Amino acid sequence: MNHRVNRPLPGSTAMLAVVCFALFCSGHPSHGQDEGPLAAAGQAPIDNAPIELDPLLRSAEQARVAAVDRARPSAVSVFVPGGGGGGSGVLISPDGYALTNFHVTSPAGTFMRCGLSDGRVYDAVLVGLDPVGDLAMIRLLGRDDFPYATMANSLQARAGDWCMVIGNPFLLATNLQPTVTWGILSGVGRYQYPSGTLLEYADCLQTDASINPGNSGGPIYNDQGALLGIVGRCSFEKRGRVNVGVGYAISINQAKNFLGYLRSGRIVDHATLGATVTTDPDGGVVVSNILESSDAYRRGLRYNAQILEIDGRVVTTANDVQNVLGTFPSGWRVNIAFRHQGITTRVPVRLMSVHRQDELLAKMASALPPPPPVPDQPEDEGEGEKNDGDQDAEQGGEEEPKRPDLKRQRRPTGHGGAKPSIPEAVADLIVQRRGFANYHFNQVEQARFIGSLRSQFPANQFAETEESKTTAWTITGKTGDAQVKLSVADDQYAILVGETAMRATRRSELFDAVDTDSIAGILPALDAWRTMLKLGPEKFGEAYYQGTMPLGGQRPLRDCMVGLYGEMEVRWLSHPETGLVECIEVVADRDSDPAELWVLREGDDISGLELRYGTDVALNVSISDWTQTESAPQ
Amino acid sequence: MRYRPFHPFALAVLLSLVCLSILPVASAQPPVAPDARDVQQRVVKIYGAGGIKGLEAYQSGFLVSPEGHVATAWSYVLDVEPIVVLDDGRRFESKIVGIEPSLELAVLKIDASDLPYFKVDKEFNAQWGDPILAVSNLFGIAAGNEPASVMQGIIAGVTNLDARRGTFQTPYRGKVLILDLIANNPGAAGGAVVDADGRLIGMLGKELRDSGTGVWLNYALPIDALRTALGDIIAGRATTVPKENNPVLRRDQSHNLTTLGVVLVPNVLESTPAYIDAVLPDSPAAEAKLRPDDLILLLDGQRVGDQQTLIDLLRRIDRRDAVSVTLQRGNEVLPVRLQP
């Protein structure tokens, strides 16, 4: 029987053949001398002529060298100032944003130094953290033309594909030249159970390219030099903390989902459906339990329903569901297709957070290594070994906190000077705040948001007013044949639709309107918008940039700004390129549908407003006039 | 490239292999590499005994017949009837149809048909320097319906293991393929090693560590060493399944432990291994120089899973007949004949 398949994977198996060939050839001359018969039997006769390489082999080798050269400039060697360890990273944008592991940055806190293969060392600051996915975003400073990696589509990666890992194993890159290791993908779509309490590797890549402590956070590239993932973990067991042929990488597609969240400077959480699933012995994956408070339940998902697709990916086992869900940030709304009682439904579902925020921060704190030792104080060694109990899924990465011999080498930097001093220009980019990895980057995004909001309709229609003045909006239009008049001002909210009129003077009344799915739920969305324009995010109340997420389950990912408005949470979703607000959501009770105000545009102007709860349209208004007055209309 | 001192025979084997091998290198057409998926579909995951004291309850295997014969490493994992999970995620209960202790080989059978399988070739064309893929369930990574893990490397050498007895804790005495990749991890035993054409050339062995240097060995048993045993087991010529149609004899006519002169260790477990505790003087066992701590593996070619099986099997043998026993003594597998 011939089970050879004459369908080589693009760029992978063909290369295997050629490189195999290379291995054979390169072994040749030496045993040509030592063990003549072997060589004579195996190959063309050896004479003194230089070895001729097969052109195919030569081109394959050249392609490999070119791929390494293409990839290497974007690889980052991360060092914790003061000798506190380090790891690897990879640049993903010309302005210096780079990805690494949470467990690489955690010993450093907010400031680290990064080496590139150009031989230079750059200051870097922490941007955002995903402790559950073990991802961190950092920003290298000092250039706006950093070399950066091209991202591959890791869903297209297959077991058997050639790949390479470039990084800083054993922190060898003291000359800033990273180490390249080469291998194949041993598996894709692997699910690794949470190590300890927090870490979960879903839909990850497994490789036999050598991955050792210090490779953590670094890039794994495909044979074209495009970024496939972020190396993060190894199977370490009785053979010690060195490569045993099994390394794992977070898929770059998962990282792509989190990029916007990480840029927010926040400590971000992962998503869960609010349901548990099991693989049906007869095939398919079915819901075995579901929270009635979940959006999935509100959208009709029920016990024993069969889940068919999540975010366009077909799922057939519980493992598949875990794999897909584990790659989403909390708060995302993704399309889910399911079959229940013979009816197939495809609907956007809002995903819940895996943790409460306090819980996430507490778990993260317990996953942190101890702070670097402070001279003149006894070293506290007790806490660093937390993760060592996990037998097969231990974290790779920083090795030094676990090596007392290296600790001893650390020189005191003088009395009271234990913390490495952060350069002033760098310190300006660091703002500490609870729940944030680095609040500075959230402020940057907030400024971008409000700038964009103030330059688009309707704000750009009106002359700038002084903040002290009361502004009010009056919007008139039609729904069907009925006249609609909406007006919002400080503590004055009114809606008139045909013969129906509603007024409110307190935000708590608006809360009730949203909670009861009333058409008056359009008012808090409008008023929050008006208030945000008037006050800006700093004076709005608690407001922060959330990151990027799909809108109604659809891409591209929209920028999401969040503000607390009364007891409600308001989210502005804006298009990533135009910056135009497309939807404003108002969440009253987390266990009921938020009010969604969809903004319909003709060109840059707003032509209509649509209020939705869940998937139902409650009100559709075509706008004829939108005016701003300096006081509330009477 | 240098090897450990060659056994002259090994060298001869190696040379003949080299001569036999077809070298696609010489032709202008490059060899076609195996599709990893194609190989993965023939590899299975096996779940059985273990899960305590650092003993993994899983290993690997590969299909060697379309009717569901699975070759795997003979190990403690098979102490219970193992579960076999195919590449497509289907789970099967399996039966151990044959073991060959001296090769550390076992063959399982699942009730299935039309499965993709590896052909066990007559010719063995692999030699040092050849690229290979090793596909296994190492570390039990491939949970659920996930396909087995694929690793790549080359054959670093083809040599014998027994250059220094006691260095490696294995009864296997034949030639092995030394691999340059870290293939022999927990759970990898029984995995398939294929060449650049996707042809089966070996089976990953159990974890072995050089007792002198502490170095872990990465190796595979060449498929030609397993071929005869595999063929015999699959064809039913060498099945170790108890021969149920042999009638149970009267107690005073059949063999028992006393007629052989064997005392086993106390039978305290549900399935206590047939370890010899003492040998009675002037008995067939004493004659055959059996010793305490010998483990009885096979009785007249039938697998002795535990003491109860041994006693049952003896009831079906006339006490005037000689009995052949395969036993394990340390790292050796010994055939002995007990003559009443």
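Definitions and limits used
By convention here, each chain's residues receive numbers from 1 onward along its written sequence. Here chains are named by letter from A upward and ligands by number from 1 upward, in the order in which they appear as written. For a predicted model such as this one, the threshold for reporting local features is a pLDDT of at least 70, and the threshold for listing and counting side-chain atom pairs is 80 or more; totals across whole chains, interfaces and linings nevertheless cover every residue. Under the DSSP-based scheme used, a helix requires at least four consecutive residues in state H or I and a strand at least two consecutive residues in state E, with every element numbered from the N terminus. Each residue is classified by how many other C-beta atoms fall within 10 Å of its C-beta atom, where C-beta atoms are placed from the backbone; a count of 20 or more means buried, 12 or fewer means exposed, and values in between mean partly exposed. Note on contacts: residues are paired as contacts if their backbone-placed C-beta atoms lie within 7 Å. Pairing between strands is defined by DSSP: at least two bridges between them are needed. To form a nonpolar core, buried Ala, Val, Leu, Ile, Met, Phe, Trp, Tyr and Cys residues must be joined through C-beta atoms within 7 Å. One confidence number per residue, pLDDT, is output by the predictor and ranges from 0 to 100. For every domain, the bounds stem from an assignment made automatically or drawn from a database. Gly falls in the polar group here, along with every residue not listed as nonpolar (Ala, Val, Leu, Ile, Met, Phe, Trp, Tyr, Cys, Pro) or charged (Asp, Glu, Lys, Arg). Note on geometry: axes are lines fitted to C-alpha atoms, helical ones only across the stretch in contact, with angles between N-to-C directions running from 0 to 180 degrees. Should an angle fall under 35 degrees it is taken as roughly parallel, and over 145 as roughly antiparallel, whereas 65 to 115 is taken as roughly perpendicular and any remaining angle as oblique. Should the near helix be turned anticlockwise from the far one by less than a right angle, the crossing is termed left-handed; should it be turned clockwise, right-handed.

### Remarks on the overall build of chain B
1) Next: Scanning chain B from terminus to terminus reveals six helices and 20 strands.
2) Next: Counting all 340 residues of chain B, 49% fall into the buried class.
3) Next: Looking at chain B alone, contacts between residues at least 24 apart form 63% of all its contacts between residues at least 6 apart.

### Describing the overall build of chain A
1) Next: The helix and strand tally for chain A stands at 14 helices and 31 strands.
2) Next: Within chain A, the fraction of its 634 residues that count as buried is 48%.
3) Next: Restricting to contacts in chain A with at least 6 residues of sequence separation, those with at least 24 account for 63%.

### A look at the pairing of strand β27 (residues 568-574) of chain A
Residues and elements named next belong to chain A.
1) Next: Burial analysis of β27 places six of its seven residues in the buried class, the great majority of the element.
2) Next: Where strand β26 (residues 554-565) meets β27, seven bridges bridge the pair, whose relative direction is antiparallel. The partner of D559 across the bridge, within β27, is S574.
3) Next: If you look at the hairpin formed by β26 and β27, you'll find two residues sitting between the two strands, and G566 has a positive phi there, around 60°.
4) Next: Where β27 lies against strand β28 (residues 581-587), six bridges are found, and the strand directions are antiparallel. Paired with W572 across the two strands is I584, which belongs to β28.

### A word on the nonpolar core
1) Next: If you look at the biggest cluster of nonpolar residues, it comprises 154 residues, and the most contacted ones within it are V90, I138 and L228 of chain A together with A192 and V193 of chain B.
2) Next: Beyond its immediate chain neighbours, meaning those up to four positions away, I138 of chain A contacts G89, A98, T100, T105, M112, A124, V125, L126 and V127 of chain A.
3) Next: Counting residues in each nonpolar core, the second largest holds 77 residues, with A318, L351, F449 and I475 of chain A among its members.

### Observations concerning the confidence of the model for chain A
Residues and elements named next belong to chain A.
1) Next: Of the residues in chain A, 81% have a pLDDT of 70 or more, and the chain-wide mean is 83.
2) Next: No element of chain A has a lower mean pLDDT than helix α10 (residues 404-409), at 36, and none a higher one than strand β3 (residues 97-100), at 97.
3) Next: Between residues 1-44, whose pLDDT stays under 50, and residues either more than four places distant or in other chains, the model counts 79 contacts.

### Side note on the confidence of the model for chain B
As a note on interpretation, predicted positions should not be read in detail where pLDDT is low.
Residues and elements named next belong to chain B.
1) Next: Overall, the predicted model of chain B reaches an average pLDDT of 85, with 88% of residues at or above 70.
2) Next: Per-element averaging of pLDDT across chain B places helix α1 (residues 8-20) at the bottom with 37 and strand β3 (residues 69-73) at the top with 97.
3) Next: Below pLDDT 50 for its whole length, residues 1-32 participates in 46 contacts with residues either more than four positions away or in separate chains.
4) Next: Reported confidences for the modelled complex are a pTM of 0.82 and an ipTM of 0.80.

### Points about the domain arrangement of chain B
Residues and elements named next belong to chain B.
1) Next: As far as domains go, chain B holds domain 1 (17-234) and domain 2 (257-338).
2) Next: When each unit is reduced to the centre of its C-alpha atoms, the spacing between domain 1 and domain 2 is 30 Å.
3) Next: With eight residues of domain 1 at the interface, the matching set in domain 2 holds eight residues.
4) Next: Its residues assigned to classes, the side of domain 1 that touches domain 2 shows four nonpolar, three polar and one charged.

### Examining the sheet that holds strand β11 (residues 200-204) of chain B
All names here are of chain B.
1) Next: Overall, antiparallel pairing links the six strands, which are arranged β7-β8-β9-β14-β11-β10 in a closed barrel. The mean angle between the axes of side-by-side strands here comes to 40°, regardless of whether they run parallel or antiparallel.
2) Next: Sheet topology note: the strand β8 (residues 149-160)/strand β9 (residues 175-179) ladder contains five bridges and is antiparallel. Bridged to T159 within β9 is V176.

### Here we look at the sheet that holds β3 of chain B
Residue and element names in this part refer to chain B.
1) Next: The six strands are arranged β1-β2-β3-β6-β5-β4 in a closed barrel whose pairing can be described as antiparallel. Averaged over neighbouring strand pairs, the angle between their axes works out to 40° when direction is ignored.
2) Next: Of the strand pairs in this sheet, strand β1 (residues 43-47) and strand β4 (residues 83-85) are connected by three bridges, and their pairing is antiparallel. Paired with K45 across the strands is V85, a residue of β4.

### With respect to the pairing of β3 of chain A
All names here are of chain A.
1) Next: A two-sided burial pattern is seen for β3, the buried positions comprising Y97 and L99 on one face and A98 and T100 on the other.
2) Next: Across two bridges, the pairing between strand β2 (residues 86-91) and β3 is antiparallel. In the strand pairing of β3, L91 is matched with A98.
3) Next: Here β2 hands over to β3 after five residues, with G96 in that stretch at a positive phi of 100°.
4) Next: Where β3 lies against strand β6 (residues 135-140), four bridges are found, and the strand directions are antiparallel. Residue pairing across strands places L99 opposite M137, the latter belonging to β6.

### Looking at helix α8 (residues 318-325) of chain A
1) Next: Judged by how many residues are buried, α8 of chain A sits mostly within the fold: eight of eight residues are covered.
2) Next: A318, N319, D320, V321, Q322, N323, V324 and L325 of chain A are the residues of α8 of chain A that are buried.

### Let's talk about the environment of S293 of chain A
1) Next: Along the chain, the position of S293 of chain A falls in the loop between β15 (285-290) and α7 (295-298).
2) Next: The spatial distance from the C-alpha of S293 of chain A to the C-alpha of Q192 of chain A is 28 Å, given a sequence separation of 101 residues.

### A short note on unusual backbone geometry
Residue and element names in this part refer to chain A.
1) Next: In this structure, the amide linkage connecting F457 to the following residue, P458, adopts the cis form with an omega of 5°.
2) Next: Locating P458 in the fold gives a position in the loop between α12 (439-454) and β21 (472-479).
3) Next: Of note, the amide linkage connecting R555 to P556 takes the cis form, showing an omega dihedral of 5°.
4) Next: Looking at the element boundaries, P556 is found in strand β26.
5) Next: Positive phi values are uncommon outside glycine, yet Q341 reaches one of about 50°.
6) Next: Following the sequence through the fold, Q341 ends up in the loop between β18 (333-340) and β19 (343-350).

### Regarding the packing of α12 of chain A against helix α14 (residues 522-539) of chain A
All names here are of chain A.
1) Next: α14 packs onto α12 with a crossing angle of 165° between their chain directions and a minimal axis gap of 10 Å. With respect to their mutual orientation, α12 and α14 come out roughly antiparallel. Crossing hand, α12 versus α14: left-handed. Residues Q446, F449, I450, L453 and R454 of α12 lie in contact with α14, whose contacting residues are M532, L533, G536 and P537.
2) Next: Across the contact of α12 with α14, the residue classes break down as six nonpolar, two polar and one charged.

### Remarks on the environment of L103 of chain B
All names here are of chain B.
1) Next: Topologically, L103 is positioned in the loop between β5 (91-100) and β6 (105-110).
2) Next: With 64 residues separating them along the chain, L103 and V39 place their C-alpha atoms 23 Å apart.
3) Next: With residues up to four places along the chain from it excluded, the contact list for L103 reads Y172, L221, A225, L226 and A229.

### Quick word on the environment of P537 of chain A
Residues and elements named next belong to chain A.
1) Next: Within the secondary structure, P537 sits in helix α14.
2) Next: Overall, P537 belongs to the buried group, with 22 C-beta atoms counted inside 10 Å.
3) Next: In this structure the C-alpha to C-alpha distance between P537 and Q446, which are 91 residues apart in sequence, comes to 6.7 Å.
4) Next: Residues in contact with P537, not counting those within four places in the same chain, are Q446, F449, I450, M532, A543 and G563.

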